[in-house]
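Each chain, letter by letter, is given below.
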Amino acid sequence: MKNTLKGIISAQKEQEKQYAVQRQAEIEHIDTKANRRDFLKKTALGGMSLTALMGLSFEDSMAQTTSKVQKSSAPSDLKITDLRYCVTTVLGRTAIIRIDTNQGIYGLGEVRDGADPRYALMLKSRILGENPCNVERIFKIIKQFGGQARQAGGVCAVEMALWDLCGKAYNVPAWQLLGGRYRDTVRLYADTPTGETPEDQREKIKYRTEVQGYTWLKMDVSINQVKNIPGTLNNTSIMNQNSSQWQGGYMSYANTKHAFTGVQITEKGLDELAKIVHSVREMVGYEIPISTDHYGHIDVNNCIKLGKVLEKYNLAWLEDMVPWQWTEQHKTITDALETPTTTGEDIFLLENFKDLIHNHAVDIVHPDLASSGGLLETKRVGDYAEEFGIAMAMHQAGTPVSFMANVHCAAATQNFLSLEHHSVDLPWWEDMVKTTDGGKMIVKGYAPVSLTAPGLGIELNDEVVKKHLHKSDSSYFAPTTEWDEKRSHDRTWS
């Protein structure tokens, strides 16, 4: 018995020694942030070993063990004390938020590209004083303030930041908190580059696939690409010279849903669009998947005509052919075509994916984590789709903050296919952050999944981010005290 006890004590001493060395190494490491270093120091047991407690009563043991522990440093005592933001020029305008706590650690989140940071700021008064590690509880408090597409930007930004904080508090990666990982690398898909000439495009595609290493591409197949060719489209008067799919008044083509524009593709138009896809497929080859998107605002019949013409090119998917709300039309398209279909980047919450999934209206769900509800809700979407034999790809067009949130979610979701990286040609994009484990964010078209970096595994590179603040708001995590006070009764039921 004594020998057994000695062996246990010896093993404990060795474990404690190794842990102390690892902890001290992190404290002393040059890349360890001051707030992380302070957190590690505060949560240490002050050198008290388990073996030193042998023979003491339970009460004495607890008193001795906690004598040098600052009670305010325990994760269970974390409290949210602030929420601040900055606005970057990524994708035109994308905001990053920071949630601070009473223990000097903070979490990073992102308001989806093109959305107003006030979507997040209005939530500040609802989360102050809460323990950020109660992620799901806080999400249920604030999710009523999210809506579809970019209206969900604030809720999702807060949710991302909470997982970052929780991971830092418990010193584990976010994917671990979601239940573990299914993969060590996350496959990315990138835009297919265009060129001034076919030869120029061929060289750019070769660089994208052979040098940058991307193994999945996506391209636009839009009626805008042929609208200036006579005889390709009918009823083009709605598409005036200054019109686009993206910007315009409420009576413009941009805000007219697909079925209501009356625009049709002629046989010549179908041939011209097929030529565009044929050219790219010849340059890329058939080994690399090519997804397609942004067809223009055409009705379900024209979507099917276009889809059938493109079937011979073995496309990976046809994306958002009609608005996501029209489940029956999506199913009509899906049933008519052999090419996989997908939608989802503007859908908020699992409950709004369910009709598409139950009806097999699409072959692939395609949430944007910055709209769908954040890490846990997006994983729930993937898990639910998996039960119906439907895969999940992930839309992402933002800063490295949402990118890393997506990486952790993708790592933890089994039916994941590929994650969009929309800023592959932005030279300073990766420099906006530093990984806390010193690893690379992207290697040959894949995102390595850190096995040790806590939370999202990144810290902002302040100097780089400051160089790319939006001219409309150049503040950098300035105080937001005007958002501290809650001024409404939020309960949605009587």
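Residues numbered from 1 in each chain as written. Predicted model: local features only at pLDDT ≥ 70, side-chain atom pairs only at ≥ 80, totals over all residues. Heavy atoms only, no water.

J.: What's the story with unusual backbone geometry in this structure? I'm lost.
T.: Glycine aside, the phi torsion of most residues is negative, and most peptide linkages are trans. Phi at Leu-91 takes a positive value of approximately 50°, unusual for a residue other than glycine. You can see Leu-91 is positioned in the loop between β1 (80-88) and β2 (94-101). Classification of Leu-91 as partly exposed rests on a relative accessible area of 34%. We note that Phe-477 has phi near 50°; this positive angle belongs to a residue other than glycine. Secondary-structure assignment places Phe-477 in the segment after α17 (462-467). A relative accessible area of 7% places Phe-477 in the buried class. (Helix = DSSP H or I, 4+ residues; strand = E, 2+ residues; numbered from the N terminus. Buried < 20%, exposed > 50% of the residue type's maximum accessible area, 1.4 Å probe, protein only.)

J.: Sorry, what's going on with the environment of Ala-478 here?
T.: With respect to the helices, strands and loops of the structure, Ala-478 is situated in the segment after α17. Separated by 395 residues in the primary sequence, Ala-478 and Leu-83 have C-alpha atoms spaced 9.5 Å apart. Every residue in contact with Ala-478, bar those within four places of it in the chain, is listed here: Arg-84 and Tyr-85. (Contact = heavy atoms within 4.5 Å.)

J.: Could you clarify how one ought to interpret the nonpolar core in this entry?
T.: Soluble globular proteins tend to pack their nonpolar side chains together in the buried interior. Core analysis: the largest hydrophobic core is formed by 127 residues, its most contacted members being Ile-97, Ile-99 and Phe-403. No other element matches helix α7 (residues 153-170), which puts eleven residues into this core. When sequence neighbours within four positions are dropped, the list of residues in contact with Ile-97 reads Leu-83, Arg-84, Tyr-85, Gly-107, Leu-108, Gly-109, Val-111, Ala-120, Ala-157, Val-158, Ala-161 and Phe-477. Ranked by size, the runner-up nonpolar core spans six residues in total, among them Tyr-189, Ala-316, Trp-317 and Ala-393. (Core = buried A, V, L, I, M, F, W, Y, C linked by side-chain atoms within 4.5 Å.)

J.: Please clarify how helix α15 (residues 375-387) should be interpreted in this entry.
T.: For an α-helix the count is 3.6 residues per turn, leaving residues at separations of three or four pointing the same way. Relative to the 18 Å expected for 13 residues at 1.5 Å per residue, α15 spans 19 Å between its end C-alpha atoms, a close match to the ideal helical length. Taken together, the buried positions of α15 are Leu-375, Glu-377, Thr-378, Lys-379, Val-381, Gly-382, Tyr-384 and Ala-385. Where α15 terminates, the next one or two residues include Gly-389, which has phi positive at roughly 75°. (Expected span 1.5 Å × (residues − 1).)

J.: Explanation requested: the packing of helix α9 (residues 198-211) against helix α10 (residues 267-284) in the structure shown.
T.: Packed helices, taken two at a time, are described by the angle their axes make and the gap between the axes. For the pair α9 and α10, the least separation of the axes is 10 Å and the interaxial angle reads 45°. When the axes of α9 and α10 are compared, the pair comes out oblique. Helix-helix and strand crossings are classified by hand; for α9 and α10 the assignment is right-handed. Facing α9, whose interface residues are Pro-198, Gln-201, Arg-202 and Ile-205, α10 presents Val-280, Glu-282, Met-283 and Val-284. When grouped by side-chain class, the residues that make up the contact of α9 with α10 number five nonpolar, one polar and two charged. (Axes fitted to C-alpha atoms, helices over the stretch in contact; angles between N-to-C directions. Parallel < 35°, antiparallel > 145°, perpendicular 65-115°, else oblique. Left-handed = near helix turned anticlockwise from the far one by under 90°. Nonpolar A, V, L, I, M, F, W, Y, C, P; charged D, E, K, R; others polar.)

J.: Explain empty space enclosed by the protein here, please?
T.: Taking a probe equal in size to a water molecule and rolling it over the atoms shows the remaining empty space. Following the criterion strictly, the structure yields one cavity of 30 Å³ or more and no others. In this structure, the largest cavity occupies an estimated 40 Å³ of space. Lining of the largest cavity is provided by Glu-110, Arg-112, Asp-113, Asp-368, Ala-370, Gln-396, Ala-397, Gly-398, Ser-402 and Asn-406. (1 Å grid on protein atoms, 1.4 Å probe; cavity = no way out; pocket = protein on both sides within 12 Å on 5 of 7 lines; lining within 4 Å. Points joined across faces, edges and corners; volume = space filled by probe spheres on them.)

J.: Looking at this structure, I do not really get the pattern of salt bridges. What am I missing?
T.: In a structure, side chains of opposite charge can pair up when their charged atoms sit close to one another. Per the counting criterion, the structure on display carries 26 salt bridges. The salt bridge partner of Glu-420 is Lys-218, with a shortest N-O separation of 3.9 Å. A residue pair is termed long-range when its members are at least 10 positions apart, and Glu-420 in strand β13 (residues 416-420) and Lys-218 in strand β5 (residues 217-220) qualify at 202 residues. Notably, a salt bridge pairs Lys-275 with Glu-272, separated by 3.5 Å at the nearest N-O pair. Taken as a pair, Lys-275 and Glu-272 lie in helix α10 at a separation of three residues, close to a single helical turn. Here the residues in one salt-bridge network are Arg-112, Asp-113, Arg-150, Glu-345, Asp-346 and Asp-368, joined through shared partners. (Salt bridge = Lys/Arg side-chain N within 4 Å of Asp/Glu carboxyl O.)

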